[in-house]
Amino acid sequence: MKKLFKIILGATVGSTLLLSSCNFLDVDPYFEATFKEDSIFHSKKNAEGYLWNTPKGFPDAGAIWGNSWNPGESASDEITLKYQTNEFWGLQFSVGTINSRNLPIQNQWYDMYVIVARCNKMLKEVYNVPDMNEMDRRRYIGYVHFMRGYAYYHLLMNWGPLIIVGDEELSTSEPAEYYNRERATYDESVDYICDEFRLATQGIYSADEQSVNYYQRPTKGAAMALIARLRLFQASPLFNGGAAARKCFGTWKRKSDGAYYVNQEYDPRRWAVAAAAAKQLTKMGYELHTVEADAQNPYPLASNVPTANFPDGAGNIDPYHSYSDMFTGEGIIQTNKEFIWAMESSNVTNYTHHSFPVKFGGWGSMSVPQRVIDCYLMADGRTIHNSSAEYPYEPDFSRLTGESKKLGTYLLRENVPMMYANRSARFYASIGFPGRYWPMSSASTDASYVNQQFWYSHDDTNAGIAGAGNNVNDYSVSGYVPVKYIHPDDSWANGKGSVKGAFVTSPKPFPIIRYGEVLLEYVEALNRVEGTVTVEVSDNTGTLIEETVSRDPAEMAKYFNMIRYRVGLPGVDANDMAEADNFEKIIRNERQVELFNEGYRYFDTRRWGTYLDEDANSSNWRGLDVTKDRTNANGNEGFWNIVTINTQNVRDRIALPKMVFLPIRHDELLKVPNADQNFGWDR
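Per-chain numbering applies: the sequence of each chain, read as written, is numbered from 1 onward. Where totals are concerned, whole chains, interfaces and linings use all residues; where local detail is concerned, this predicted model gives features only for residues with pLDDT of at least 70, and gives and counts side-chain atom pairs only at 80 or more. Side-chain metrics in this entry use all non-hydrogen atoms of the structure; hydrogen atoms and water are not considered.

As for the packing of aromatic side chains
So, point 1. Classification of ring pairs rests on two measures: the distance between centres of Phe, Tyr or Trp rings, Trp counted by its six-membered ring, which must be within 6.5 Å, and the angle between planes, read as stacked under 30 degrees, edge-to-face over 60 and tilted in between. In the structure shown here, the tally under the stated rule is 47 aromatic pairs.
So, point 2. With a centroid separation of 4.4 Å and an interplanar angle of 35°, the aromatic rings of Trp 252 and Tyr 261 are classed as tilted. With respect to burial, Trp 252 and Tyr 261 carry one shared label: buried.
So, point 3. Where Tyr 420 meets Phe 427, the ring centres are 6.5 Å apart and the plane angle is 10°; that geometry is what we call stacked. For the pair formed by Tyr 420 and Phe 427, the shared burial category is buried.
So, point 4. Members of the aromatic cluster, connected to one another through ring pairs, are Tyr 320, Tyr 376, Phe 397, Tyr 410, Tyr 420, Phe 427, Tyr 428, Phe 433, Trp 455, Tyr 480, Phe 639 and Trp 640.
So, point 5. Across from the ring centre of Phe 427, 4.9 Å away, lies the NZ or CZ of Arg 423, which sits over that ring. Here the term buried applies to any residue with accessible area under 20% of the maximum for its type, exposed to any over 50%, and partly exposed to those in between, with areas from a 1.4 Å probe on protein chains only. By definition here, charges over rings are those cases where NZ of Lys or CZ of Arg is within 6 Å of the ring centre and within 35 degrees of the ring normal.

Here is the structure:
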């Protein structure tokens, strides 16, 4: 921690040159090496160069699989792998081998305080820049507040309650006890970060003001959406006096005043605050991404799906491409009105490797459990448990599709188990199931590398254990892989193909925040509002206003149904909304399938508290028997059975109360006795 406070005192200009990752910007990477620190604020050009080099300290937001900035997808209950390497350290966390001495992202704590230090320096010195006018200065200050808030956001998401430095530039000459500080509570931390984002909106551009050349920079919408996300967390059971709050943090108190680090008394008004914060985004011109229906290849809609034009129905859109094109690289980031804040991410592009089999240039190891497969609805919006005669769910794997069926431009091949037929567009856009058709069109020079079906059974020399190559970890342990970011043209096949990015050769987009997430937050919060509540919330100018919200079924249906119609599903039934607990189950399932493989699930199961009972439950970790053949040719038949995944990463999985947050590194805490370790972890 002494190291931390030294950084806060005065981050040197060159410190972030050693840090690489997120880059909102278009700046010279050697900018800061060309002048001395005392020259930073001698001109607007230098001051802005310093400002826009600061984000280099942030991790790539798209790093949610391997080498992730948080425990990530591999620590969630929607993705697993057979690997036991530091690359997928989320798996190590989920089996209990991570502690305060071996945390793979120990430097992130330090890196975020480097950014805080730079921000504090900018806030102090910006008034000394001689050629900066008041409008420029206001915008500059807004971006500084955003970056400082975003640095604290990273710390909060991983480590919980913060050490808040404020605007201080700490002296180097004080005695040791001066630097020995306590942590804020979780609520104090959220309030502080939200106020940073509020202050940011007073200066930074809105989406329609932002130059297309700087589309990766955050806007007012990004700041407000982060506020909405944090307010939803603050209202959720884990942080709002629910059973999980008591189980995880019931005795965790601050030494000086006995305040609980995490709230232990339920406050229903928090749902109203979260709903009001999300509601502000509905006034800002954002839209769900849609693609116009293809007259030559219309996507078939179930008879109960409204055929009015979107957003009142799905009659004029292609549900598959409306959803899929956001992630595959087919769409363009700058023109996507759903992307409140998005960036190109090499991590997204590179980690599609783990969905392609070894023979086709990948590593084939990213595995989706059967639980996730079962969450996807049928084409008429029913669950697999109450499917209709028109769109039946067939658990019997011997029942196969007949001839191939075109769903718009998507092709469902023949002789595929009917379990995978009659499903919604999001299923086909997200899940690589046995028998799925992989065009891999960019490898068209070699017919053996295009138009393939992968089965994942033991005897599948393309994608099963038999095709795993030299690394025995390179296959799906469940029989399913994620395909959400994979374009039909994509191929990793040894130079025979290419991977389509947002600009064909650029990395694929990663949505840090998209409007679909905000709408689900709004509906989730509104569903829990009791009575009619008036709360204070920030508008898009950073002004505090009053907003009145209530549990309005028509309002909930309006925004929830937009999510459903966009993917070609019917809206929610009024009876399903009548009771809040029942509708919350529907909302949670919708978040699972809508936000699948975007990095939300790890945090969702924690804020709900459900991970304590379900995350390590073997019933959550089932899949097809990939150790068996698809046929009996080798006397090893039995692939078509759903079994518990038999890997160490599943067998040894644990879910303990302390695993809400990561441990703070041991050597930092030794230097600051007053800063408590996270509950349950050793100092």
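Anyway, onward from the coordinates.
Quick look at the pattern of salt bridges
So, point 1. Each salt bridge in this description consists of a side-chain nitrogen of Lys or Arg and a carboxyl oxygen of Asp or Glu lying within 4 Å of one another. Tallied over the entire structure, the rule returns 39 salt bridges.
So, point 2. Of the charged contacts, one joins Arg 270 and Asp 187 as a salt bridge, the two residues approaching to 2.6 Å between their closest N and O atoms. With Arg 270 in helix H9 (residues 269-279) and Asp 187 in helix H6 (residues 186-201), this pair connects stretches of sequence that are 83 residues apart. In terms of burial, Arg 270 and Asp 187 fall into one category: buried.
So, point 3. In this structure, Lys 508 engages Asp 490 in a salt bridge whose closest nitrogen and oxygen atoms are separated by 2.8 Å. Placement of the pair is Lys 508 in strand S8 (residues 508-514) and Asp 490 in the loop between strand S7 (481-482) and S8, with a sequence separation of 18 residues.
So, point 4. Taking the relative accessible area as the measure of exposure, Lys 508 reaches 0% and is therefore buried.
So, point 5. Owing to a relative accessible area of 0%, Asp 490 belongs among the buried residues under this scheme.
So, point 6. Through salt bridges with shared partners, one network takes in Glu 338, Arg 426, Lys 484, Arg 514, Arg 564, Arg 566, Glu 590, Glu 594 and Glu 598. Numbered from the N terminus, helices here are DSSP runs of H or I no shorter than four residues, and strands are runs of E no shorter than two.

Notes on helix H18 (residues 601-608)
So, point 1. Across the eight residues of H18, eight count as buried, placing the element largely inside the fold.
So, point 2. Those residues of H18 that sit buried are Arg 601, Tyr 602, Phe 603, Asp 604, Thr 605, Arg 606, Arg 607 and Trp 608.
So, point 3. Note on H18: the residue one or two positions beyond its end, Gly 609, has a positive phi of about 85°.

With respect to the side chain of Ser 388
So, point 1. As for its placement among the helices and strands, Ser 388 is situated in the loop between helix H12 (370-375) and strand S2 (405-407).
So, point 2. N or O atoms within 3.5 Å of each other form a polar contact, as long as, within protein, one can give a hydrogen and the other can take it, and as long as residues adjacent in sequence are counted only when both atoms are side-chain atoms. Polar side-chain contacts of Ser 388 include one of 2.7 Å to the side chain of Asp 380.
So, point 3. Contacts are assigned to residue pairs that have any heavy atoms within 4.5 Å of one another. Excluding its chain neighbours within four sequence positions, the residues that come into contact with Ser 388 are Asp 380 and Arg 382.

Quick look at the packing of helix H17 (residues 580-594) against H18
So, point 1. Remark: H17 packs on H18, axes separated minimally by 11 Å, with the N-to-C direction vectors making an angle of 165°. On the basis of their axis angle, the class for H17 and H18 is roughly antiparallel. The element H17 and its partner H18 pack so that their crossing is left-handed. Together, Arg 588, Arg 591 and Gln 592 of H17 and Arg 601, Asp 604, Arg 607 and Trp 608 of H18 make up the contact between the two elements. For helices, the axis comes from a line fit to the C-alpha atoms of the stretch in contact; other axes are also lines fit to C-alpha atoms, and the angle between any two N-to-C directions lies between 0 and 180 degrees. Just so you know how the angles are binned, under 35 degrees is roughly parallel, over 145 roughly antiparallel, 65 to 115 roughly perpendicular, and the rest oblique. By definition, turning the near helix anticlockwise from the far helix through less than a right angle yields a left-handed crossing, and turning it clockwise yields a right-handed one.

Here's the deal with unusual backbone geometry
So, point 1. That bond from Phe 310 to Pro 311 is cis: its omega, 15°, falls within 30 degrees of zero.
So, point 2. The topology assignment puts Pro 311 in the loop between H9 and helix H10 (319-328).
So, point 3. The phi angle at Asn 597 is positive, at roughly 60°, despite the residue not being glycine.
So, point 4. Within the secondary structure layout, Asn 597 lies in the loop between H17 and H18.

Focus: the nonpolar core
So, point 1. Within this scheme, the nonpolar core is defined by two criteria: the residues are buried Ala, Val, Leu, Ile, Met, Phe, Trp, Tyr or Cys, and they are joined through side-chain atoms within 4.5 Å. Ranked by size, the top nonpolar core spans 206 residues in total, and within it Phe 146, Tyr 150 and Phe 433 carry the most contacts.
So, point 2. With 14 residues, the top contributor of residues to this core is helix H5 (residues 134-159).
So, point 3. Leaving out residues up to four positions away in the same chain, Phe 433 has contacts with Tyr 410, Leu 412, Val 416, Tyr 420, Phe 427, Tyr 428, Phe 454, Tyr 456, Gly 479 and Tyr 480.

Quick look at the packing of helix H7 (residues 220-235) against H9
So, point 1. For the pair H7 and H9, the least separation of the axes is 8 Å and the interaxial angle reads 165°. For the element pair H7 / H9, the angle class is roughly antiparallel. Here the hand of the crossing between H7 and H9 comes out left-handed. Contacts between H7 and H9 involve Ile 227, Ala 228, Arg 231, Leu 232, Gln 234 and Ala 235 from the first element and Arg 270, Trp 271, Val 273, Ala 274, Ala 277 and Ala 278 from the second.
So, point 2. Across the contact of H7 with H9, the residue classes tally to nine nonpolar, one polar and two charged. Gly is put with the polar residues, along with every residue not named as nonpolar or charged; the nonpolar set is Ala, Val, Leu, Ile, Met, Phe, Trp, Tyr, Cys and Pro, and the charged set is Asp, Glu, Lys and Arg.

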